[in-house]
Amino acid sequence: IVLILMRRIFIRRNFTLLKINLQLTIHFTLETLTQMNISNQNLEWTMLEFSHIKYGVLIAIVSILFGGSLGLSFGCCEDGIKGTLKSGAEKALSGVYGGDQAKADEVVKKSWVYMKRAHLHSQTMGVISIAFSLLVAWLSFPARAQMGISLLSGVGSLGYGVFWMSAGFLAPGMGSTGAAKESIALIAQASGGAFFVAGVTLFGLLAYKMFGKSVTE
């Protein structure tokens, strides 16, 4: 009888332990599935839709690479670039400058400054353009707004860097940096205007998203 009782107690104890283990297993399984579901939802939330901003981002990356290549050329070929600028001034020395070497040297010096501006503007504006694009995609702005802001800022960043570089190369042969800028002013106006419009549009949409709904409510 004692053996039978001990056997029953042992069976009940094992059954109770099995039941507890089964409950714990179910609990941890459900908890794991819940965490996985939350993780998937967070992943879907954080993933960006690039279909509307891909071209603008690509142009912005080209702008950054353009500025970077200028910076690299300054490091390896600075003397060659300055030599090209001086050569342009020498060809126009007797005609455009009237033999004034000091004026020619001043224009060459300022042209070099323009080259450095091209490097800085294209890289800085390219980074800002990518930030604009990622922001409008993350906030799920309308498709046209995303594409417009991304493209305008990307084209603006690249075009503005090209403007400063072109003005730097043209100035020595034209006799002044002012004349060089005037000759390609359309590039500066179009690129700078595009970048400005992108920034103003983004600001307006952000302001509406942050304050417009609360006011209407």
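Structural data are supplied above this passage.
Starting from 1, residues in each chain are numbered consecutively following that chain's sequence as written. Residue-level local features of this predicted model are given only where pLDDT is at least 70; pairs of side-chain atoms are given and counted only at 80 or more, and the full residue set underlies all totals for whole chains, interfaces and linings. Hydrogens and water molecules were not included; the side-chain quantities draw on all heavy atoms of the structure.

**With respect to the overall build of the protein**
How we decide: What counts as a helix is a DSSP run of H or I of at least four residues, what counts as a strand is a run of E of at least two, and both are numbered from the N terminus. Each residue's exposure class comes from its accessible area (1.4 Å probe, protein chains only) as a fraction of the maximum for that residue type: buried when under 20%, exposed when over 50%, partly exposed otherwise. Only heavy atoms matter for contacts: two residues are in contact if any of them lie within 4.5 Å across the pair. Under the convention used here, a 1.4 Å probe and the Shrake-Rupley method define accessible areas, while residue burial counts only the protein chains that appear.
For the protein, the count of helices and strands is six helices and zero strands. In the protein, the succession of α and β elements from N to C terminus is α-α-α-α-α-α. Each of the 217 residues in the protein was classed as buried or not, and the buried ones make up 29%. Of all intrachain contacts in the protein linking residues separated by at least 6 positions in sequence, the fraction that spans at least 24 positions is 81%. Summing over all exposed atoms, the protein offers an accessible surface of approximately 14000 Å²; the carbon and sulfur share of this is 68%.

**Focus: helix H2 (residues 54-91)**
An α-helical segment advances 3.6 residues per turn. Residues three or four places apart therefore align on the same side. Filter applied, for reference: To estimate the expected span of a helix, count its residues, drop one, and scale the result by 1.5 Å. Bend at a residue means the angle formed by two fitted axes: the first through the 7 residues ending at that position, the second through the 7 residues beginning there.
The first and last C-alpha atoms of H2 sit only 45 Å apart over 38 residues, clearly below the 56 Å expected at 1.5 Å per residue. The largest bend in H2 is about 95°, located at Cys 77. Taken together, the buried positions of H2 are occupied by Gly 56, Val 57, Ala 60, Ser 63, Phe 66, Gly 67, Leu 70, Ser 73, Phe 74, Ile 81, Leu 85 and Ala 89.

**Topic: the pattern of salt bridges**
Threshold: Salt bridges are identified by distance alone: a Lys or Arg side-chain nitrogen within 4 Å of an Asp or Glu carboxyl oxygen.
For the structure on display, the rule yields one salt bridge. One salt bridge connects Glu 78 with Lys 82, and the closest N-O pair in it is separated by 2.9 Å. You can see Glu 78 and its partner Lys 82 sitting in helix H2, four residues apart, about one turn around the helix. Residue classification places Lys 82 among the partly exposed positions, given a relative accessible area of 28%.

**Thoughts on the nonpolar core**
Where we set the bar: Buried Ala, Val, Leu, Ile, Met, Phe, Trp, Tyr and Cys residues form a nonpolar core when they are joined through side-chain atoms within 4.5 Å.
Residues Phe 74, Tyr 97 and Trp 112 are the most contacted members of the largest nonpolar core, which totals 23 residues. When contributions to this core are tallied by element, the ones reaching two or more residues are H2, helix H3 (101-138) and helix H4 (143-174). Contacts of Tyr 97, omitting those with residues within four sequence positions, involve Ala 89, Ala 92, Lys 103, Ala 104, Val 107, Ala 171, Pro 172 and Gly 175.

**Considerations on the environment of Lys 209**
In this fold, Lys 209 is placed in helix H6 (residues 185-216). Residue Lys 209 is classed as partly exposed on the basis of its relative accessible area of 35%. In contact with Lys 209, not counting residues within four places along its chain, are Leu 139 and Phe 141.

**Quick word on H4**
Helix length check: H4, at 32 residues, gives a terminal C-alpha distance of 45 Å against a target of 46 Å (1.5 Å per residue), a fit within 8%. Positive phi appears at Gly 175, one or two residues downstream of H4, with a value of about 95°.

**Quick look at the side chain of Ser 111**
Its location among the elements puts Ser 111 in helix H3. Under the relative-accessibility criterion, Ser 111 is labelled buried at 0%. In this structure Ser 111 touches Leu 85, Gly 168, Ala 171, Pro 172 and Thr 177, once residues within four positions along its chain are discounted.

**Topic: the environment of Leu 134**
For Leu 134, the location among the structural elements is in helix H3. In this structure Leu 134 comes out as partly exposed when scored by relative accessible area, which is 33%. A C-alpha to C-alpha distance of 7.9 Å links Leu 134 and Leu 48, two positions 86 residues apart in sequence. Residues contacting Leu 134, with those up to four places away along its chain left out, are Leu 48, Phe 50 and Ile 53.

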